[in-house]
Amino acid sequence: MERFCRVQRADFDPAALEVALLAGAGPGETAGAVATFTGLVRRAAGDGAFTGLTLEHYPGMTERAIGEILDEAAARWSLLALGVVHRIGELAPGARIVWVGAAAAHRGDAFAACEFTMDYLKTRAPFWKKEHWGPEARWVEARSDDRHRAARWQGEAGTTTASTEE
Amino acid sequence: MKVRFFASVRERLGTAECDFTHETPPADLDALRAVLAARGEGFAEVLAQPNLICAVNQQVVHGNSALGPDDEVAFFPPVTGG
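Quick caveat, the model's predicted, so the values are computed rather than measured. (Residues numbered from 1 in each chain as written. Chains lettered and ligands numbered in written order. Predicted model: local features only at pLDDT ≥ 70, side-chain atom pairs only at ≥ 80, totals over all residues.)

## Here's the deal with the sheet that holds strand β6 (residues 96-104) of chain A
All names here are of chain A. So the rule is basically this: Paired strands, as defined in this entry, are two strands with at least two bridges between them according to DSSP. Helix numbers and strand numbers start at the N terminus; a helix is a DSSP run of H or I with at least 4 residues, a strand a run of E with at least 2. Axes, fitted as lines to C-alpha atoms, cover a helix only where it is in contact. Angles between the N-to-C directions of the axes lie from 0 to 180 degrees. Working definition of a contact: two residues with C-beta atoms, positioned from the backbone, lying within 7 Å.
Strand order in the open sheet made by the four strands is β1-β4-β6-β2, with mixed pairing throughout. The open sheet has two edge strands with one neighbour each: β1 (2-8) and β2 (33-40). Neighbour-to-neighbour, the strand axes of this sheet turn through a mean angle of 5°, independent of strand direction. Direction of pairing for strand β4 (residues 81-87) relative to β6: antiparallel, over a ladder of six bridges. Bridge pairing links Val 84 to Val 100 in β6. Across the sheet, helix α2 (residues 61-76) lies against β1 and β4, angled at about 155° from β1, the strand it touches most. Against the sheet, helix α3 (residues 107-124) engages β2, β4 and β6, with an angle of about 150° to β6.

Put into structure tokens, the structure is as follows:
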């Protein structure tokens, strides 16, 4: 399985990443599905004062942690390619933060691997968000909902459908 | 041995890292925690955080763990990326 992991300050082009993912999926047009996810800097409804995020990470451990997530996804599903791009630094409201793409012969594997990778990224990769309102700033607290979403994947290795139980 | 701090932990301590190049490094994580906690109120407070995460050589560890002089230890809050 082709894989890539990029941690970068620069913005990314989701369309170009999808092309690169499919190129990595190999010759012979064996890919029948590509599932991609793009995460954005969200402004809470009515929070007009929100000016953006700073994203910090642990260089080295980040790449290692994402590599382990990609390994686990590759072991669980039949994939042709899987990629992650995560931005760091200052990000304005609406900016792209993260991209995950999975290519597979069939959509079930692509959907599940994309969601799994995103759920594990949220709870296992050492990134931290700080929210800014002009001069005011606050570190984002980890959410129990993210932990529950990641926990859904434990004990169901090899399946191609995600549990929807919360 | 190098000890690194990230995000709110780094800000609380006012430092991103410290090392033990000029003194005998602690033999395990419990000893390291005790040495750091003795450095001041901020360290003691951070190390008492129930949700504090510890990594040794970039792998998360729970509980105590033996340490070598070339190990890299990190303390940080729960992750919030994605």
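Read on, since the account is not over.
## Digging into the interface of chain B and chain A
Filter applied, for reference: In this classification, Asp, Glu, Lys and Arg are treated as charged, Ala, Val, Leu, Ile, Met, Phe, Trp, Tyr, Cys and Pro as nonpolar, and every other residue, Gly included, as polar.
Facing the 13 residues of chain B at the interface are 22 residues of chain A. In the side of chain B that touches chain A, the residues fall into eight nonpolar, five polar and no charged.

## Remarks on the confidence of the model for chain B
Just so we agree on the cut-off: As a per-residue quantity, pLDDT reports the predictor's confidence and falls between 0 and 100.
Taken as a whole, chain B shows an average pLDDT of 94; of its residues, 100% reach a score of 70 or greater. Model confidence for the complex: the whole-complex pTM is 0.91, and ipTM, which rates the interface, is 0.94.

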